[in-house]
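Remarks on the overall topology
The residues making up each chain are set out below.
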Amino acid sequence: MQEFGEVLDLLATGEYVSGEDLAARLGITRAAVWKQLKTLRELGYEIAASSGRGYLLQARPDRLYPWEVAKDLNTKIMGCHIEYYDRISSTNRRAKELLAESPVEGTLILAEEQTAGRGRLGRTWFSPPGSALYGTLILKPQLPPYDLPKLTLVAAVALSKTIERELHERPLIKWPNDLYLKGKKISGILTELSGELGRVEFLLLGVGVNVNQHPEDFPEEIREKAGSLRSILGKDEKISRSGLLRSYLQILEEEYFNALRKGFAEALAYCRQYSATLGRQVEVTDGERVYRGKALMIEEDGSLTLEAESGARTRVISGDVNLVGSDLPGEA
Ligand code: BTN
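Residues numbered from 1 in each chain as written. Predicted model: local features only at pLDDT ≥ 70, side-chain atom pairs only at ≥ 80, totals over all residues. Heavy atoms only, no water.

**A word on empty space enclosed by the protein**
Under the definition given, this model contains one cavity of 30 Å³ or more. Reported here for the largest cavity is a volume of approximately 110 Å³. Forming the walls of the largest cavity are 14 residues, and the residues nearest its centre are Leu108, Gly135, Val207, Leu245 and Tyr248. The set of elements that each furnish at least two residues to the lining of the largest cavity consists of strand E4 (108–111), strand E5 (132–139), strand E9 (199–210) and helix H9 (241–262). Of all the elements, E5 adds the most residues to the lining of the largest cavity, at five residues. Looking at the lining of the largest cavity residue by residue, the class counts come to twelve nonpolar, two polar and no charged. (1 Å grid on protein atoms, 1.4 Å probe; cavity = no way out; pocket = protein on both sides within 12 Å on 5 of 7 lines; lining within 4 Å. Points joined across faces, edges and corners; volume = space filled by probe spheres on them. Helix = DSSP H or I, 4+ residues; strand = E, 2+ residues; numbered from the N terminus. Nonpolar A, V, L, I, M, F, W, Y, C, P; charged D, E, K, R; others polar.)

Below is the structure:
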């Protein structure tokens, strides 16, 4: 897709700019300028034209165009290359296909809509157009395989911090990979590995965030459990998805480099402090097995220790957690 960052910057100064000036500053012909303006309008940008004065950008569409996400993005790797789709089956699936082409670390697959969005444990991820974030980052972490599952926690920490920074509410982390705000699930993370046993080459970090959906937009079967940031926080205005995504990429990069350099202690401490799981009675389903007990501790290796009524303790490495009994903490 064409790059429109430069022409948009020139159109967005608040002053009209003539076609001639645009052509000179962009180093292209006036006909080429006209073509770019036409394409931008087709993409949903509102550009006023006034004879004698020129052009002025009046409104941007609510789209995750790569040049919008890249605007003022100060990251070294995260989002350095963005593959953008209006509609795709699944960003994780596309990321997996791309591995054959040796993508650079930090490549982001981004979509407005997924027709076969995937959740953990073979579930589907509800992915309607234009109101949420669906993205998969391709990473190449130089870490031993046993450390890799903790990168899911790092992503959850980064997303929780992002929402706190941007919207001033801190979601809790439901081990191992869900984010809850006021008792509703607002985000899920799907991490997949590629490579040989013992030598992982790529890690695919897929994140879905419910941003602007209305409660009635969710299918009935998940309406109780899921919510969007906008509806939970009661915001009249739409939340900027590109702003949220930029912030996430920046914070995730800090957390990721921090974990690679110094280990996972800080991320684990955050997960324990802002946990929706610890101290609660839970039921963890891991394949065929179901473990019940009180969630005691998120361990150094990222696993969860449960204590059964008998006092017996079990460590669970992954699984699906159900909180038994009362509502989630932080429920309104
Ligand atoms: C879960 O909670 O089960 C994890 C959901 C992960 C959904 C995201 S949306 C972007 C990426 N592409 C997918 O197909 N799934 C992940």
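**Quick look at the pairing of strand E3 (residues 82–85)**
As paired strands, E3 and E4 are joined by four bridges and run parallel to one another. Following the sheet pairing, Tyr84 is matched in E4 by Leu110. As for the winding sense of the linkage, the β-α-β connection from E3 through helix H5 (residues 91–98) to E4 is right-handed. (Pairing = 2+ DSSP bridges. Right-handed = clockwise from strand over helix to strand, strands pointing away.)

**Quick look at the sheet that holds E5**
As summarised here, the arrangement of the seven strands in space is E3-E4-E5-E9-E8-E7-E6, forming an open sheet in which the pairing is mixed. With partners counted over all chains shown, the strands left at the sheet margins are E3 and strand E6 (172–174), one partner each. Shown here is a sheet whose adjacent strand axes are inclined to one another by a mean of 20°, direction ignored. Where strand E8 (residues 184–196) and E9 come together, ten bridges link them in antiparallel fashion. (Axes fitted to C-alpha atoms, helices over the stretch in contact; angles between N-to-C directions.)

**So, unusual backbone geometry**
The residue after Trp175, namely Pro176, is reached through a cis peptide bond having omega 0°. Of note, Pro176 is situated in the loop between E6 and strand E7 (178–181). Phi angles above zero are rare outside glycine, and Asp72 is one such case at about 60°. Along the chain, Asp72 falls in the loop between helix H4 (66–70) and E3. Backbone geometry at His168 places phi at a positive 60°, although glycine is not the residue there. A residue is classified by how much of its surface remains accessible, and His168, at 61% relative accessible area, is exposed. (Buried < 20%, exposed > 50% of the residue type's maximum accessible area, 1.4 Å probe, protein only.)

**Quick look at the layout of surface pockets**
Size it by volume and the largest pocket reaches roughly 580 Å³. What lines the largest pocket is a set of 32 residues, and nearest its centre among them are Gly119, Thr124, Trp125, Phe126 and Lys185. Listing elements by their share of the lining of the largest pocket, those giving two or more residues are H5, E5, E8, E9 and helix H7 (220–223). When grouped by side-chain class, the residues that make up the lining of the largest pocket number ten nonpolar, 14 polar and eight charged. By volume, the second largest pocket is sized at about 500 Å³. The wall of the second largest pocket is formed by 23 residues, among which Pro149, Thr152, Pro176, Ile317 and Ser318 lie closest to the centre.

**Thoughts on the site of the ligand**
Ser90, Gln114, Arg118, Arg120 and Lys185 are the nearest of the 20 residues found near the ligand. Here Thr91 contributes a side-chain N or O atom positioned 3.0 Å from a nitrogen atom of the ligand. In this structure, Arg118 approaches the ligand through a main-chain N or O atom, which is 2.7 Å from a nitrogen atom. Notes on the ligand: free accessible area 420 Å², of which the protein chains cover 98%. Placement of the ligand is best described as lying within the largest pocket. For the shell around the ligand, the element with the most residues is E8, which contributes four residues. Across the shell around the ligand, the residue classes break down as five nonpolar, eleven polar and four charged. (Near = heavy atom within 4 Å. Polar contact = N/O pair within 3.5 Å; in protein donor to acceptor, adjacent residues only side chain to side chain. Areas by Shrake-Rupley, 256 points an atom, 1.4 Å probe, with all protein chains shown as cover. Sits in = over half its atoms within 2 Å of the grid points.)

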